[in-house]
Structures are given as structure tokens and as C-alpha cells.
Amino acid sequence: GETSLSNKILLSKKVYNPETETFVDNLGTNDPRYRPGDTIKFQITITNTSNTSLSKLILTETLPDTAIFHDGPGTYNKTNNTVSINIPSISSGKSQIYTIIAKILDENSLPKEKNTCSNNQVEIKTEKGDNAHAASQFCIEQTGTIIKQQVAQVKNTPKTGPELFLTLLLAPSFLAGFYLRKKML
């Protein structure tokens, strides 16, 4: 989603859609889902919409409790599960794009529900204390437990096909028909 900050900053937060291979605002329950252990990408775009350069910005990405930081710019705080990026300045009319890569937790660390949706939050603060927030949603589908299938034991092999006696009775008819056909050709 997008949030503007006092007509100075446009903050955009998107999540990677693995099916279309594009960044989208949100992935809902009817969209493609991630699985435990997958990596997931988030794209944050900051645009300075003011007439002046903005300086000393702090961008804070708060990952949900279903994922941990994997790669990207900034400093990771494991305790808070946040990534902080110090942005020295953004010129008027310019944008900066950041990509954060997270990893979905393994199945044993996720909530027990089969499908879980999480919101990923981002906040930007200026040196003057102004701030803006944006979020994107994604869903996780757990694979569930494997159920062992029992195979029935067969004690006797069932009979198939005609009985041997019937086959022997029809054999002379087959040979006679084959002989007559050859003779006609």
C-alpha cells in the first residue's frame, strides 16, 4: 500500500508475487501463497514529493513473526525482527528503492493453522519527527502432516481370463479359420 507524509514523501510497500514475478501491494487469501522455508521479497519505494531535499531519514522494516531477515541493505535487529536503513538524503522529485529479502520460518515454528496471513510493516521518519507507514500482506500455506497409506495384503491371487478347457476347445476353430484365410489369399 501507499502512504504520503505531509506532502513531502510518498512511501510504497510491495510484496513479490511468485506466480506473476512482479511486486504487488498485497497477496490475499486467493493469491499465490508462500510455503515454510521459502524466501520472500519486499520492495520499498521512497519518493520525495517536496520542493526541497530531505535529509537524515530512517526507514524501519518490521518483519512479521512468521519470517526473519535473510538479505538486503540496513542493520538487522534480531530481538525486534526489524531492519533499519539510514538514508542520508533524497533530492526533490527523486525516488529510492530498497529490496528486503526475508525467509519464512519452518513449519514447526509457524502457527498451527494450515493457512496464515501476515502483514509486513514499514515506517519512515524524518529528522524533524514526521513519519509515515505502509504495509503489505502475504499468506503462507503449510504443507501439513504426511499421512501413511495402508496397503491391503492379498492372500489369494484372483483368477483371471477364461479357463484352460475353454481355450483348448476354441483352438481348433481358430486354426481352421487361419488356414482358410491363407488359402483364399
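The following refers to the structure shown.

What counts, and where the lines are drawn
- Residues numbered from 1 in each chain as written.
- Predicted model: local features only at pLDDT ≥ 70, side-chain atom pairs only at ≥ 80, totals over all residues.
- Heavy atoms only, no water.
- Phe/Tyr/Trp six-rings, centres within 6.5 Å; stacked < 30°, edge-to-face > 60°.
- Buried < 20%, exposed > 50% of the residue type's maximum accessible area, 1.4 Å probe, protein only.
- Lys NZ or Arg CZ within 6 Å of the ring centre and 35° of its normal.
- Helix = DSSP H or I, 4+ residues; strand = E, 2+ residues; numbered from the N terminus.

With that settled, the discussion passes to the packing of aromatic side chains. Here the structure, examined in full by the defined rule, presents four aromatic pairs. An angle of 20° between the planes, with centres 5.2 Å apart, marks the rings of Phe 69 and Tyr 76 as stacked. The class for Tyr 76 is partly exposed, based on a relative accessible area of 28%. Taken together, the ring pairs connect Tyr 34, Phe 42 and Phe 138 into an aromatic cluster. A cation over an aromatic ring shows up here: Lys 41 above the ring of Tyr 16, its NZ or CZ 4.9 Å from the ring centre.

Phi at Glu 21 is positive, roughly 55°, even though this residue is not glycine. With respect to the helices, strands and loops of the structure, Glu 21 is situated in the loop between strand 2 (9–17) and strand 3 (22–24). The exposure class assigned to Glu 21 is exposed, which follows from its relative accessible area of 58%. Even without being a glycine, Lys 56 presents a positive backbone phi close to 55°. Among the structural elements, Lys 56 can be located in strand 5 (residues 54–62).

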